[in-house]
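Understanding the architecture of this molecule
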Amino acid sequence: GNMVEWCLPQDIDLEGVEFKSMASGSHKIQSDFIYFRKGLCFGLACFANMPVESELERGARMKSVGILSPSYTLLYRYMHFLENQVRHQLEMPGHYSHLEAFYDDKKGVLPDSQGTPTSQQPVHWLPSIHRYMYPEMKITHPAGCMSQFIKFFGEQILVLWKFALLRKRILIFSPPPVGVVCYRVYCCCCLANVSLPGLGGTVPESKPFFYVNVADIEMLETEVSYVACTTEKIFEEKRDLYDVYVDNQNVKTHHEHLQPLLKINNADKEKYRRLNDQRQMLMYSQEVGEDCSSCEEDLFILFFMEQNNRIFQTLMEVSASQDKTLTAEHARGMGLDPQGDRSFLMDLLEVYGIDVMLVIDNPCCT
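Since we're looking at a predicted model, the values are computed, not measured. Counting starts from 1 at the beginning of each chain's written sequence and moves along it residue by residue. Local features in a predicted model are, by the rule used here, given only for residues with pLDDT of at least 70; side-chain atom pairs are given and counted only at 80 or more, and totals for whole chains, interfaces and linings are based on all residues. Side-chain figures throughout are based on the complete set of non-hydrogen atoms in the structure, without hydrogens or water.

**Digging into the pairing of strand 2 (residues 31-38)**
Short version of the rule: To sort residues, take the accessible area from a 1.4 Å probe on protein chains only and compare it with the maximum for the residue type: under 20% means buried, over 50% means exposed, and anything in between is partly exposed. In this text, helices come from DSSP runs of H or I with a minimum length of four residues, and strands from runs of E with a minimum of two, each type numbered from the N-terminal end. DSSP bridges decide pairing: two strands pair if at least two such bridges lie between them.
Counting buried positions along strand 2 yields seven of eight residues, so the element is predominantly enclosed. Pairing between strand 2 and strand 3 (residues 41-51): eight bridges, direction antiparallel. Bridge pairing in strand 3 links Ser 31 to Ala 48. Two successive antiparallel strands, strand 2 and strand 3, enclose a turn made up of two residues, where Gly 39 displays a positive phi of approximately 60 degrees.

Structure (structure tokens):
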């Protein structure tokens, strides 16, 4: 199995991290990267697999080098370093001076599980695995993960948007490599951004758990809202752990009351058309050959944030009005389909505790 070969600081609790930093099934591929959650921290690890002429290692040497941090947003900056280090560890096992220097340079102060500051992190570890060598599969690191996300899911991103806004438990399945799938977890969470003050203090936060495996089942049982990915097919059978299961481009739910949300309606198609129009305009405005992935990420996040703000602004205005009546006209003003999005709206009102009366389906009132 997997084992932690080296870490700093040495007294940190890394239980289970050797399985989080190497996705199940990684022995079939040559390299990968993986985001995950460990307690209050987030991790990024780079994995590599090298053939060796060693009976003890059964023909293959596999390692991951990773770091832990209180935030996942800047971890990507160290991807190149981790890729170099895992290759270095495969070729020269046991030489940790570069990792020690990196740790000394970057270590900071993090809250521990009780919320009191400690100076024990960031943490660096090196799990090692010995398995048979399998046929090589290449991975490409997408330049703009939002662009990849939109191309991959197409109009289905509007289905994922509704589930993310409703703070459902979303589990994405994919065989390795899992790095690109971790990006999809991040993109899913970005769909639910709202920047209005004072909204939904009781609403669960949208938690990116990134990669999870069977060792995380107990933890997932207690979560009311998350977005995660896995390479383990066994999760599909454990329906009590998720609300929405995404297999490749197929988005599904076993909850009957959520089934209507799987249908793409006219308002969804209009939103998707607008998003693509904005992306096209952005691309035309860039100089030829210029990398505009960061601009596209901003556009993507802003598009959904503005959409979400418009919905909640309307809902809060109606709830503050005298008759508290939400009409078909309101729904259209929010960019929603009065009929097709009725069940989505009802769930939204319940999840965010907004007190309005929905009259959309009654012919005498619409």
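**Examining the nonpolar core**
When a protein is soluble and globular, its nonpolar side chains tend to lie buried together. Let me state the cut-off plainly: For the purposes of this section, nonpolar cores are sets of buried Ala, Val, Leu, Ile, Met, Phe, Trp, Tyr and Cys residues that join through side-chain atoms within 4.5 Å. As annotated, the domain borders come from an automatic or database domain assignment. By the convention used here, residues are in contact when the closest approach between their heavy atoms is within 4.5 Å.
If you look at the biggest cluster of nonpolar residues, it comprises 98 residues, and the most contacted ones within it are Ile 157, Phe 300 and Leu 315. When residues of this core are sorted by domain, at least three fall in each of domain 1 (17-100) and domain 2 (136-316). Setting aside chain neighbours within four positions, we find Ile 157 in contact with Phe 149, Ile 150, Leu 191, Tyr 272, Leu 275, Phe 300 and Phe 304. Of all hydrophobic cores here, the second largest spans twelve residues; its members include Ile 217, Ala 228, Phe 235 and Leu 241.

**Some points on the confidence of the model for the chain**
Convention followed: pLDDT expresses, on a scale from 0 to 100, how confident the predictor is about each individual residue.
Considering every residue of the chain, the mean pLDDT works out to 85; 84% of them sit at 70 or more. Every residue in residues 127-143 is under pLDDT 50, and counting partners more than four places away or in other chains gives 61 contacts. Here residues 362-366 is a poorly scored stretch, pLDDT under 50, and it has four contacts once near neighbours within four places are set aside; other chains count.

**Comments concerning helix 8 (residues 266-285)**
Every α-helix winds through 3.6 residues per turn, so residues three or four apart in the chain are directed the same way. The condition that has to hold: Here a helix's expected span is defined as the number of its residues, less one, multiplied by 1.5 Å. Polar contacts here mean pairs of N or O atoms no more than 3.5 Å apart (in protein, one a potential hydrogen donor and the other a potential acceptor; neighbouring residues in sequence count only if both atoms are side-chain atoms).
In this model helix 8 runs 29 Å from its N-terminal to its C-terminal C-alpha over 20 residues, within 8% of the 28 Å that 1.5 Å per residue would give. Of all the positions in helix 8, only Ala 267, Asp 268, Lys 271, Tyr 272, Leu 275, Asn 276, Arg 279 and Leu 282 are classed as buried. At the N-terminal boundary of helix 8, the capping side chain belongs to Asn 265, with an oxygen 3.0 Å from the backbone nitrogen of Ala 267.

**Brief notes about the environment of Tyr 35**
By the element assignment, Tyr 35 lies in strand 2. Sequence separation of Tyr 35 and Val 185 is 150 residues, and the distance between their C-alpha atoms is 9.7 Å. In this structure Tyr 35 touches Gly 43, Leu 44, Tyr 72, Leu 75, Tyr 76, Met 79, Cys 182, Tyr 183, Phe 210 and Tyr 211, once residues within four positions along its chain are discounted.

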